[in-house]
Amino acid sequence: MTQLNEKSPVATGTGPAATKQGKDAPTAVLIGVTGGLGHALAKLLAADGFRLVLAARRENDAAKLTGRNDGSAIYQRADVTDPASMEKLAAVAFEHLGRVDAVVNLAGISPRKAIEEYTLADIDDLFAINVKGPMFVTRAFLPGLRKQAGNAVVVHVGGAMDGRVALPFMSSYAASRGALASYVQSANRELAGTNVMLSFFGPVPSNTEAESPFFDMWSKLGVDLCEPDQVAREILATIRKRRQVHVMGGGTLKMLTIANAISPSIADAMGLRKFGKLMQQYRPR
Ligand SMILES: NC(=O)c1ccc[n+]([C@@H]2O[C@H](COP(=O)([O-])OP(=O)(O)OC[C@H]3O[C@@H](n4cnc5c(N)ncnc54)[C@H](OP(=O)(O)O)[C@@H]3O)[C@@H](O)[C@H]2O)c1
């Protein structure tokens, strides 16, 4: 496990904004900040004293997103599917923040359908946003992160669990998350011993507008929704603890994730088969 970076303000932060000022404040770039999870994270990090660069495709306002109006956050329109847009975002971030402690990429889509119902456009969008997007984010920020003093982490928010647990009626979506998990694993082996690491963060189903078409299905499956504030707290802990993979959820979910990594058939026997059958009954529409 990588050690905490004693030099980086992000590693030592435990409290609210008052404890850190100006250049000593931790810094982060949040992409996909207008969504339910991104907005909660922006508010949490702002309250915790981070200086921020916030991004998504649509126009927005940093003060509105963070609840702070002191110039500690700026907003930049950016699209993860466009490498030039990511280069521009990285340039703006390094210029505005000086040093970037964390980049969190929350841009993602999750169409859930039967295998033959995924359209060619669905598949193109899934791979453009969920797979190529994280690669373009990483490539754009990596040179600057490597050059700077102090450690940095690039957190990519994937699907539930560790990206390799592939539930039914999600085939093309699951493939995009699995690709991201492999990308993060390979990059971390390559970056071992450097000041930069990547993280795969798997949220549990949460109470956001994007997830709302599936609320009924989760309820029928007996899955409680998580509040975005809780997800945001776990992303902050992932940044601070420099976790390469973080799977949200209780012990059962973590056991299933570990079992699936060893052998999917063990995970099926432990409960995923039953869960899959229930999903077939309540399949997302
Ligand atoms: N909520 C859950 O239950 C849950 C569970 C597991 C995983 N996740 C994943 O967690 C992430 C955030 O979830 P959420 O519920 O907050 O989703 P959301 O509300 O749909 O937010 C997605 C964010 O990404 C931005 N975005 C989309 N495409 C983009 C692009 N090409 N370039 C830049 N930004 C882009 C969107 O804003 P613009 O449209 O303005 O660009 C929005 O800010 C997603 O990847 C989601 O799949 C969510």
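Caption draft 1: Seen up close, the overall build of the protein. When you go through the protein residue by residue, the secondary structure sums to 10 helices and seven strands. Taken over the C-alpha trace, the protein has a radius of gyration of 19 Å; the compact-globule value for 285 residues is 19 Å, and the two agree within 12%. C-alpha extents for the protein along the principal axes are approximately 55 × 40 × 35 Å. For the protein, restricting intrachain contacts to residue pairs at least 6 apart in sequence, the fraction spanning at least 24 positions comes to 66%.

Caption draft 2: Quick peek at the sheet that holds strand E1 (residues 27–31). Strand order in the open sheet made by the seven strands is E3-E2-E1-E4-E5-E6-E7, with parallel pairing throughout. Across the chains shown, the open sheet's two edge strands, defined by having one partner strand only, are strand E3 (73–77) and strand E7 (245–247). On average, adjacent strands in this sheet sit at an angle of 15° to one another, irrespective of strand direction. In terms of strand pairing, strand E4 (residues 102–105) meets strand E5 (residues 152–157) through four bridges, oriented parallel. The residue bridging Asn-105 from the neighbouring strand is His-156, located in E5. The strands that helix H4 (residues 83–97) touches are E1, strand E2 (51–56) and E3; relative to E2, the one it contacts most, it runs at about 165°.

Caption draft 3: The pairing of E1, seen in detail. The buried fraction of E1 amounts to five of the five residues, a majority that puts the element mostly inside the structure. Judged from the five bridges that link them, E1 and E2 form a sheet pairing that is parallel. Bridge assignment links Ile-31 to a residue of E2, and that residue is Ala-55. What joins E1 to E2 is helix H2 (residues 36–47), and the crossover it makes is right-handed. Where E1 meets E4, four bridges bridge the pair, whose relative direction is parallel.

Caption draft 4: Focus on the site of the ligand. In the vicinity of the ligand, 31 residues are found, and the nearest of them are Gly-32, Gly-35, Arg-57, Gly-108 and Ala-210. Going through the elements one at a time, H2 and helix H5 (120–147) are the ones with two or more residues in the shell around the ligand. Ranked by residues supplied to the shell around the ligand, first place goes to H2 with three residues. In the shell around the ligand, the residues fall into 14 nonpolar, 12 polar and five charged.

The rules behind the values
Residues numbered from 1 in each chain as written. Predicted model: local features only at pLDDT ≥ 70, side-chain atom pairs only at ≥ 80, totals over all residues. Helix = DSSP H or I, 4+ residues; strand = E, 2+ residues; numbered from the N terminus. Rg over C-alpha atoms; globule rule 2.2 N^0.38 Å. Contact = placed C-beta atoms within 7 Å. Pairing = 2+ DSSP bridges. Axes fitted to C-alpha atoms, helices over the stretch in contact; angles between N-to-C directions. Buried ≥ 20, exposed ≤ 12 C-beta atoms within 10 Å, placed from the backbone. Right-handed = clockwise from strand over helix to strand, strands pointing away. Near = placed C-beta within 6 Å. Nonpolar A, V, L, I, M, F, W, Y, C, P; charged D, E, K, R; others polar.

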